[in-house]
Protein chains: 2
Amino acid sequence: MSLQTIPARHGKAVHLKAGQAIEVINTSGTQVVDTWAFCPEDLEHHMSMMHTRVETSRLMPAVGSTLYTNRREPILVMEADTSSGIHDTIMAACDRWRYEHLGCTEYHRNCADNMLEALAELGLDFGHIPQPLNLFMNIPIEGDYRLVQGVPPSKARDKVVLRAARDCIVVFSACPQDITPINGGLPTDAHYAVID
Amino acid sequence: MSLQTIPARHGKAVHLKAGQAIEVINTSGTQVVDTWAFCPEDLEHHMSMMHTRVETSRLMPAVGSTLYTNRREPILVMEADTSSGIHDTIMAACDRWRYEHLGCTEYHRNCADNMLEALAELGLDFGHIPQPLNLFMNIPIEGDYRLVQGVPPSKARDKVVLRAARDCIVVFSACPQDITPINGGLPTDAHYAVID
């Protein structure tokens, strides 16, 4: 498959067959890509960061890490990562309430709605927003367990390769956050390609 | 309300009115208490650790921290804590798959089923298991983002007070984990009391 665009501030959903992989490209170097994965036969069976943390004993996946579902089954494997390896698994997708609390008085695009829109483009509906794997997102943990909204330390065209351990639907959102610095202040396009 | 028991390896669910508080007591000093909170009028609106982490910019709540729902509304406030302040917000509730992966060939009691059983005792049904607030659970983050299953550093009779910011149902599970050291090797009773 040729290179596809995840347009700035928007989402995309992609079917993957077991054994296929998807390359996620941080084209600008500063774009967070919120990532989910669902089992097509039952969307309630989906990738789960809280279960992955227990199964892998890691706060964030590294090259070789398996990503698990909420039934603790392998769904994706992080096969390659040219970035610094900094990703986030603990921050909720941004949503309309997040932007209201940040002072927005009009609708602000957000990762939660992007996930729902991307699934709807495949004719699918899902009732809640699981914790995403926030690729390239930089949330340092400071003293006294304070969390900082950091700028991504990745470089332009850094990429992560995720290989499907089973048939799944992968959903991406090019995060629209432009109030905190997590996307370097300017949401941009990201790209992906399905590879065999 | 007098002191109530959360029996070792079991769950309990309690209605709280806005303004009431609940004291959660680590009677043995080594017992993790998985904790959830739900809005009675819509269980899909519930306490959410991933949203709380964003809203409070903290990995774990401290005295004075508000705990937020998945719609980013206050649901509980951590009003007091006599423990070392070490709690966990990132590890999934243990479930039957966890114990299968740890080698159990027969049913092992688990926090996920305890949550469902405790809600069922109130005549309620819920379809998925949110990330719990794991009171007194000690998961140090080591170099290279490795997570360790630690022994609770709390003392016998340490307690946390959670005050309801709105009417809610609080659910506890005295974690049945007896294979890793997170309950000091021996699951025990914990206790609670509703206070006004």
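Figured I'd write up the structure that's included with this text. (Residues numbered from 1 in each chain as written. Chains lettered and ligands numbered in written order. Predicted model: local features only at pLDDT ≥ 70, side-chain atom pairs only at ≥ 80, totals over all residues. Heavy atoms only, no water.)

Within chain A one finds 3 helices and 11 strands. Taken from N to C terminus, the helices and strands of chain A fall in the order β-β-β-β-β-α-β-β-α-α-β-β-β-β. Here chain A has a C-alpha radius of gyration of 15 Å; the compact-globule value for 196 residues is 16 Å, and the two agree. Once the C-alpha set of chain A is aligned to its principal axes, its extents read approximately 40 × 35 × 30 Å. By residue count, 58% of the 196 residues in chain A fall in the buried class. Partitioning the intrachain contacts of chain A with sequence separation of at least 6 by distance along the chain shows that 77% fall at a separation of at least 24. Working note: accessible area of chain A is about 7,300 Å², and carbon and sulfur atoms make up 51% of it. The centroid of the 16 positive side-chain charges in chain A is displaced by 4 Å from the centroid of its 24 negative side-chain charges. (Helix = DSSP H or I, 4+ residues; strand = E, 2+ residues; numbered from the N terminus. Rg over C-alpha atoms; globule rule 2.2 N^0.38 Å. Buried < 20%, exposed > 50% of the residue type's maximum accessible area, 1.4 Å probe, protein only. Contact = heavy atoms within 4.5 Å. Areas by Shrake-Rupley, 256 points an atom, 1.4 Å probe, with all protein chains shown as cover. Lys, Arg positive; Asp, Glu negative; His and termini not counted. Charge placed at Lys NZ, Arg CZ, Asp CG, Glu CD.)

A few words now on the relation of the copies chain A and chain B. The transformation that overlays chain A on chain B combines an axial shift of 0.0 Å with a rotation of 180°, and the residual RMSD is 0.0 Å. Classification of the inter-copy transformation places it as that of a two-fold axis. For chain A, the smallest separation between a C-alpha atom and the rotation axis is recorded for Ile-90 of chain A, amounting to 3.6 Å. Most of the interface of chain A is mirrored in chain B, where 100% of its interface residues are also at the interface. (Least-squares fit on C-alpha atoms with pLDDT ≥ 70 in both.)

With that out of the way, let us pick up helix α3 (residues 111-121) of chain A. Residue and element names in this part refer to chain A. Looking at α3, one finds that the buried residues are Cys-111, Ala-112, Asn-114, Met-115, Ala-118 and Leu-119. Down the axis of α3, the sector holding all buried residues measures 165°, keeping them to one side. One side-chain oxygen at the N-terminal end of α3 lies 3.3 Å from the backbone nitrogen of Ala-112; it belongs to Asn-110. Gly-123, located one to two residues past α3, shows a positive phi value of around 80°. (Arc of directions from axis to C-beta. Polar contact = N/O pair within 3.5 Å; in protein donor to acceptor, adjacent residues only side chain to side chain.)

Bringing the interface of chain A and chain B into the picture now. The interface of chain A with chain B comprises 32 residues on the first partner and 32 residues on the second. Across the interface of chain A and chain B, roughly 3,000 Å² is buried in total on both sides, 59% from carbon and sulfur atoms. Considering only the side of chain A, the residues that lose the most area to chain B are Met-50, Arg-72 and Tyr-145 of chain A, jointly responsible for 21% of the buried surface there. Between Asp-95 of chain A and Arg-72 of chain B there is a salt bridge; the shortest N-O distance is 2.7 Å. At the junction of chain A and chain B, the tally comes to 18 residue pairs in polar contact (both at pLDDT 80 or more). Breaking the side of chain A that touches chain B down by element, the ones donating at least two residues are α1 (49-56) and α2 (96-101) of chain A. It is α1 of chain A that contributes the most residues to the side of chain A that touches chain B, 5 residues altogether. Its residues placed into classes, the side of chain A that touches chain B shows 16 nonpolar, 6 polar and 10 charged. (Buried area = accessible area lost by both parts, 1.4 Å probe. Salt bridge = Lys/Arg side-chain N within 4 Å of Asp/Glu carboxyl O. Nonpolar A, V, L, I, M, F, W, Y, C, P; charged D, E, K, R; others polar.)

So, on to the environment of Ile-22 of chain B. All names here are of chain B. Assignment of secondary structure puts Ile-22 in strand β3 (residues 21-26). On the basis of relative accessible area, Ile-22 is assigned to the buried category, the value being 0%. For the pair Ile-22 and Glu-100, spaced 78 residues apart in the sequence, the C-alpha separation amounts to 34 Å. If we skip the residues at most four places from it in the chain, Ile-22 touches Val-14, Leu-16, Val-160, Val-161, Leu-162, Phe-172, Tyr-192, Ala-193, Val-194 and Ile-195.

On to helix α1 (residues 49-56) of chain B. In terms of burial, α1 of chain B is a largely internal element, 6 of the 8 residues being buried. Along α1 of chain B, the positions that sit buried rather than exposed are Met-49, Met-50, His-51, Thr-52, Arg-53 and Val-54 of chain B. Buried residues belonging to α1 of chain B abut α1 and α2 of chain A together with β6 (66-68) and β8 (133-135) of chain B. Immediately downstream of α1 of chain B, the backbone of Ser-57 of chain B shows phi near 50°, a positive value.

The next point concerns the pairing of strand β4 (residues 33-39) of chain A. Residue and element names in this part refer to chain A. For β4, a buried count of 7 out of 7 residues is recorded, marking the element as mostly surrounded by other parts of the structure. Side-chain alternation along β4 places Val-33, Thr-35, Ala-37 and Cys-39 on one buried face and Asp-34, Trp-36 and Phe-38 on a second face that is also buried. Sheet topology places β4 next to strand β8 (residues 133-135); 3 bridges connect them, and they run antiparallel. Its bridge partner being in β8, Val-33 is matched across the sheet by Leu-135. Across 6 bridges, β4 lies against strand β10 (residues 168-174) in antiparallel orientation. (Pairing = 2+ DSSP bridges.)

This part takes up the nonpolar core. With 52 residues, the main nonpolar core has Phe-38 and Val-171 of chain A together with Phe-38 and Val-171 of chain B as its most contacted residues. Breaking this core down by element, the ones donating at least two residues are β4, α1, α3 and β10 of chain A together with β4 (33-39), α1, α3 (111-121) and β10 (168-174) of chain B. Each residue touching Val-171 of chain A, except ones within four places of it in the same chain, is listed here: Lys-12, Ala-13, Asp-34, Thr-35, Trp-36, Phe-38, Met-115, Ala-118 and Leu-119 of chain A. (Core = buried A, V, L, I, M, F, W, Y, C linked by side-chain atoms within 4.5 Å.)

Two numbers describe a pair of aromatic rings. These are the distance of the centres and the angle of the planes. Residue and element names in this part refer to chain A. What the rule picks out here adds up to 4 aromatic pairs over all chains. Centre to centre, the rings of Phe-172 and Tyr-192 are 5.7 Å apart; their planes meet at 45°, and the pair counts as tilted. Taken together, the residues span a long stretch of sequence, with Phe-172 in strand β10 and Tyr-192 in strand β11 (residues 190-195) at a distance of 20 residues. For the pair Phe-172 and Tyr-192, one class covers both residues: buried. (Phe/Tyr/Trp six-rings, centres within 6.5 Å; stacked < 30°, edge-to-face > 60°.)

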